[in-house]
Amino acid sequence: MMVRRGLSAWLPRMVVLLVVLCSAVSVLYMLACTPKGIDEQLAFPRANSPTGKEGYQAILQEREEQHRNYINSLKKQIAQLKDELQERSEQLKSLQDHYTDSLGPGLEHSNPEKTPADLLEFLRSQIDRAEVHAGAKLPTEYAAVPFESFTLQKVYQLETGLTRHPEEKPVRKDKRDELAEAIELALETLNSPDSDSNANHHMYSASDFIEGMYRTEKDKGTLYELTFKGDRPHKFRRIVLFRPFGPIMKVKNENLNMANTLINIVVPLAKRASKFRQFMQNFREMGIEQDGRIHLTVVYFGKEQMNEVKAILENTSRSANFKNFTFIQLNEEFSRGKGLDIGARIWKGNNVVLFFCDVDIYFTAEFLNTCRLNTQPGKKVFYPVLFSQYNPGIIYGHHGSIPPLEQQLVIKKDTGFWRDFGFGMTCQYRSDFINIGGFDLDIKGWGGEDVHLYRKYLHSNLIVVRTPVRGLFHLWHEKRCLDELTPEQYKMCMQSKAMNEASHGQLGMLVFRHEIEAHLRKQKTSSKKT
C-alpha cells in the first residue's frame, strides 16, 4: 500500500514536469524564429564607420555570426532539456517496473489494485508446485529432498558438517523461532472453535506434541508435518503447514572497482623457515605476479631461524623487484594474537584490507579478489571457510608417489574437508579491526584468539560473511600430541589428529588393511590354482 501511494503521488508530479519541459522547448523555439524588433534592425553606418556596400556587408556578416551563435546556444539548451526529459521518463518507468517486479512475475501492469490478490495467488500456487499433495518424478535417488525431524527439545538432522551433531538442540535463533512458530500455529489450529464441531473438544497443549518433520525446497518453500496425541488411545492429529517463498526481488545493482584496493597480508611466525619458504613461493606467484595489489607484514618471534627467514624474504624482494613488505622482530614468547595485532596497528598508510594468514595456508589470486569483494569499511567483514587438506602420504600412498602441491589442491571428499570450526583466516578493513578493539592480548600461544575476535564481530552491527571458498587451502602438517597433556587432553588431541589425517573411509582401510591383504593373497593363490 505504501508503494502504491508513493507511486500515485509521483505520477501527477511527473505529468506536470513533462508539460513544463515541453512548454519550455516551445518558448525557446518561438524565440529562435521571431524576427528582431525595430530597435535591433540594421542601423545606418556611423560617420567614422565603413560606408556604402562594404559597410553593410560587414554589418550583415557580424549579425549573421551573432545569429548563428544564438541558434547554436538554443540547440544546446534544447538538447539538455531533451536529455532531462528522457532521464525523468526513465526514472518514472524504473519506479513502475520496481513496483511491479517486487510483487512477482505475471502480475498485471495496468491494474495495480489487483496486485495484492495476484501475489496471494502466487504464494498459494507454490503449494501446488511443491511436493505437498503429490510426489514428483525424480531422475535419481540423490534428487530426493529428505525431511529432518524434531521434537520440542531436539532436532535430528542429516547434514551435520564438523560443528553440528546428528541430534542437538537448535543453536541458531532463526531455526528455534521457525520450529516454535510452526508448533504454535498448529496448536492454534487444533484449538480453534472451527476445527471441531464438538463444543467439548480436547484442548491441545505443547505437551501433546509428539514429533514433527520439515523439509525445504529452495525455490518453493518449507513443508511442516506435525503430529499430536489424540483425545483417545491410538488416535492422533496431524497438522500440515507450508511456508511459501515469495518471488525473488532485486535489491542492488552496483559497479565495484577494486583496481586500487590494497591487501595487507599479516603473518605471525616463529621458526618454521621451511614452511615460510613454501609460503613465499605461493605469495610470489599469486600475490606479486598475478595480483600485484598486495603488501606483506611478517611479525617474527624470537631469534632462532630469524636470519634464514629474513634471507628468504630479501631474496624474493630482489628477484621479483618487490618492496611492499614489512618485517617486525619481537624478542618474546610466540603469541599469534599479539603478532597479528601488532602487524595490523603498525600500518601507517590509508585504510587497508587486512588478511590475517598463517604460513601453512595456500591462496589463489581469485581468493584475493573474493577477499576484497566481501569486505566493506563499517559494513562487512569476511570469514571464509577454507578447505583443509588430508595427509598426502595416506591419500596418495597407494599411487607410489605424491603429486606436486598444485595437483593435490582438489576439493573432493577423499582429499580434505571444509574446516568450518576454524576462524583464524579473515579479511577486514583495518578501521573495523581497530574500532572493534583488536585481539585479546592476554591469550598466549596458538588458538583461542581467533574465536574471541570472531565473537566481537558477531556482537557488533557489522555483517559477518561466512562461506566456503574454493581458493583457500590449509596444507596438511603433522600434529604432535605432547606427553605433558592430561589423559583427556591427549585423547582430544588424538581425535583431532585423526580428523586431519584422512577421511572416514581411508582410515577404515588402514584399520582393516591386514584383512584386505589376506583377502588379496587368497585371491592370488586361487587364481594360480586355476
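Scroll up for the structure.
Notes on the structure in this doc start here. Owing to the predicted nature of the structure, the values given are computational and were not obtained by experimental measurement. (Residues numbered from 1 in each chain as written. Predicted model: local features only at pLDDT ≥ 70, side-chain atom pairs only at ≥ 80, totals over all residues. Heavy atoms only, no water.)

**Some words on the overall build of the protein chain**
The helix and strand inventory of the protein chain stands at 15 helices and 15 strands. A fraction of 71% describes how many contacts in the protein chain between residues 6 or more apart in sequence connect residues 24 or more apart. (Helix = DSSP H or I, 4+ residues; strand = E, 2+ residues; numbered from the N terminus. Contact = heavy atoms within 4.5 Å.)

**Looking at the pairing of strand β8 (residues 294-301)**
Along β8, 8 of the 8 residues are buried, which leaves the element largely enclosed by surrounding structure. Along β8, one buried face is formed by Ile294, Leu296, Val298 and Tyr300 and the opposite face, lined by His295, Thr297, Val299 and Phe301, is buried too. Relative to β8, strand β7 (residues 263-269) is paired through 7 bridges, and the arrangement is parallel. Bridge assignment links valine 266 to a residue of β8, and that residue is threonine 297. On the question of chirality, the crossover connecting β7 to the parallel β8 by way of helix α5 (residues 273-291) is right-handed. In terms of strand pairing, β8 meets strand β9 (residues 325-330) through 6 bridges, oriented parallel. Counterpart to phenylalanine 301 in the pairing with β9 is leucine 330. (Buried < 20%, exposed > 50% of the residue type's maximum accessible area, 1.4 Å probe, protein only. Pairing = 2+ DSSP bridges. Right-handed = clockwise from strand over helix to strand, strands pointing away.)

**Let's talk about the environment of glycine 471**
Turning to its location among the elements, glycine 471 is positioned in strand β15 (residues 463-474). The exposure class assigned to glycine 471 is buried, which follows from its relative accessible area of 7%. Along the primary structure glycine 471 and phenylalanine 363 are separated by 108 residues, whereas in three dimensions their C-alpha atoms are 5.6 Å apart. Excluding its chain neighbours within four sequence positions, the residues that come into contact with glycine 471 are Tyr362, Phe363, Thr364 and Phe367.

**Here's the deal with the packing of α5 against helix α6 (residues 306-320)**
It is at 10 Å that the axes of α5 and α6 come closest, and there the two elements cross at 20 degrees. Taken together, α5 and α6 sit at an angle that is classed as roughly parallel. Read as a crossing pair, α5 and α6 show a hand that is right-handed. Packed against α5, whose contacting residues are Ala273, Phe276, Arg277, Met280, Arg284 and Ile288, the element α6 presents Glu308, Val309, Ile312, Leu313, Thr316, Ser319 and Ala320 at the interface. A breakdown of the residues in the contact of α5 with α6 according to their chemical character gives 8 nonpolar, 2 polar and 3 charged. (Axes fitted to C-alpha atoms, helices over the stretch in contact; angles between N-to-C directions. Parallel < 35°, antiparallel > 145°, perpendicular 65-115°, else oblique. Left-handed = near helix turned anticlockwise from the far one by under 90°. Nonpolar A, V, L, I, M, F, W, Y, C, P; charged D, E, K, R; others polar.)

**What to know about the pattern of salt bridges**
A side chain with one charge may pair with a side chain of the opposite charge, provided their charged atoms come close. Applying the stated rule across the entire model yields 18 salt bridges. As a salt-bridge pair, glutamate 178 and lysine 175 come within 3.0 Å of each other at their nearest N and O atoms. Placement of both glutamate 178 and lysine 175 in helix α4 (residues 173-191) is noted, with a separation of 3 residues, approximately one turn of the helix. Under the relative-accessibility criterion, glutamate 178 is labelled buried at 15%. By relative accessible area, which is 23% here, lysine 175 ends up partly exposed. (Salt bridge = Lys/Arg side-chain N within 4 Å of Asp/Glu carboxyl O.)

**Details of the nonpolar core**
By size, the foremost hydrophobic cluster in this structure holds 45 residues, and its most contacted members are Ile265, Phe276, Phe279, Phe283, Phe355, Phe363 and Phe367. If one sorts the elements of this core by residue count, α5 sits on top with 7 residues. (Core = buried A, V, L, I, M, F, W, Y, C linked by side-chain atoms within 4.5 Å.)

**Some points on the state of the cysteines**
Two cysteines form a disulfide when their sulfur atoms are joined by a covalent bond. The final tally for this structure, using the stated rule, is 1 disulfide. Disulfide pairing places cysteine 371 opposite cysteine 427 at an S-S distance of 2.2 Å. An S-S torsion of about -125 degrees defines the bridge between cysteine 371 and cysteine 427 as left-handed. Residue cysteine 371 is located in helix α8 (residues 365-373), and its partner cysteine 427 is located in strand β14 (residues 426-429); the two are separated by 56 residues in the primary sequence. As far as burial versus exposure is concerned, cysteine 371 and cysteine 427 are alike and both buried. This cysteine, cysteine 357, is not joined by any disulfide, and cysteine 427 carries the nearest cysteine sulfur, 9.1 Å off. (Disulfide = S-S within 2.5 Å.)

**Let's talk about the packing of α5 against α8**
Their axes nearest at 9 Å, the elements α5 and α8 cross at an angle of 75 degrees. With respect to each other, α5 and α8 are oriented roughly perpendicular. Between α5, through Met286, Gly287, Gln290 and Asp291, and α8, the contact on the second element is made entirely by Ala365, Leu368 and Arg372. Residue composition of the contact of α5 with α8, grouped by class: 3 nonpolar, 2 polar and 2 charged.

**Description of the side chain of threonine 227**
In this fold, threonine 227 is placed in strand β5 (residues 221-229). Judged by relative accessible area, threonine 227 falls into the buried class, the value being 15%. With near-sequence residues (within four places) excluded, threonine 227 lies in contact with Asp208, Phe209, Ile210, Glu211, Phe236, Arg237 and Arg238.

**Topic: a nonpolar patch on the surface**
On the surface, a cluster of nonpolar side chains totalling about 490 Å² of accessible area is made up of Met509, Val511, Phe512, Ile516 and Leu520. For the nonpolar patch, the secondary-structure elements that each account for two or more residues are α14 (504-511) and α15 (513-529). Counting through the fold element by element, isoleucine 516 comes out in helix α15. A relative accessible area of 31% means that isoleucine 516 is categorised as partly exposed. (Patch = residues over 30% accessible without salt bridge, like charges linked within 9 Å, V, L, I, M, F, W, Y side chains within 5 Å. Areas by Shrake-Rupley, 256 points an atom, 1.4 Å probe, with all protein chains shown as cover.)

**Comments concerning α6**
With 15 residues, α6 ought to run about 21 Å at 1.5 Å a step, and its terminal C-alpha atoms sit 21 Å apart, in line with that. Among the residues making up α6, those that are buried are Met306, Val309, Ile312, Leu313, Thr316, Ser317 and Ala320. Projection of α6 onto a plane perpendicular to its axis shows the buried side chains occupying an angular sector of 135 degrees, all on one side. Opposite its buried face, α6 presents the exposed residues Asn307 and Arg318, each directed more than 90 degrees away. Just past α6, the residue asparagine 321 takes up positive phi, approximately 55 degrees. (Expected span 1.5 Å × (residues − 1). Arc of directions from axis to C-beta.)

**Some words on the sheet that holds strand β6 (residues 236-244)**
Across the sheet, 6 strands lie side by side as β3-β2-β1-β4-β5-β6; this open sheet has antiparallel pairing. The open sheet is flanked by β3 (167-168) and β6, the only strands paired with a single partner. For strand β1 (residues 148-150) and strand β2 (residues 155-156), the ladder comprises 2 bridges, and the chain directions are antiparallel. Residue pairing in the sheet places phenylalanine 150 in a bridge with valine 155 of β2. The strands touched by α4 are β1, β2, β4 (209-217), β5 and β6; relative to β5, the strand with the most contacts, the crossing angle is about 55 degrees.

**Some thoughts on a negative patch on the surface**
On the surface, a cluster of negative charge is contributed by Asp83, Glu84, Glu87 and Glu90. Here glutamate 87 lies in helix α2 (residues 52-101). For glutamate 87, a relative accessible area of 45% translates into the label partly exposed. (Lys, Arg positive; Asp, Glu negative; His and termini not counted. Charge placed at Lys NZ, Arg CZ, Asp CG, Glu CD.)

Treat this as a map of the structure, not an account of what it does.
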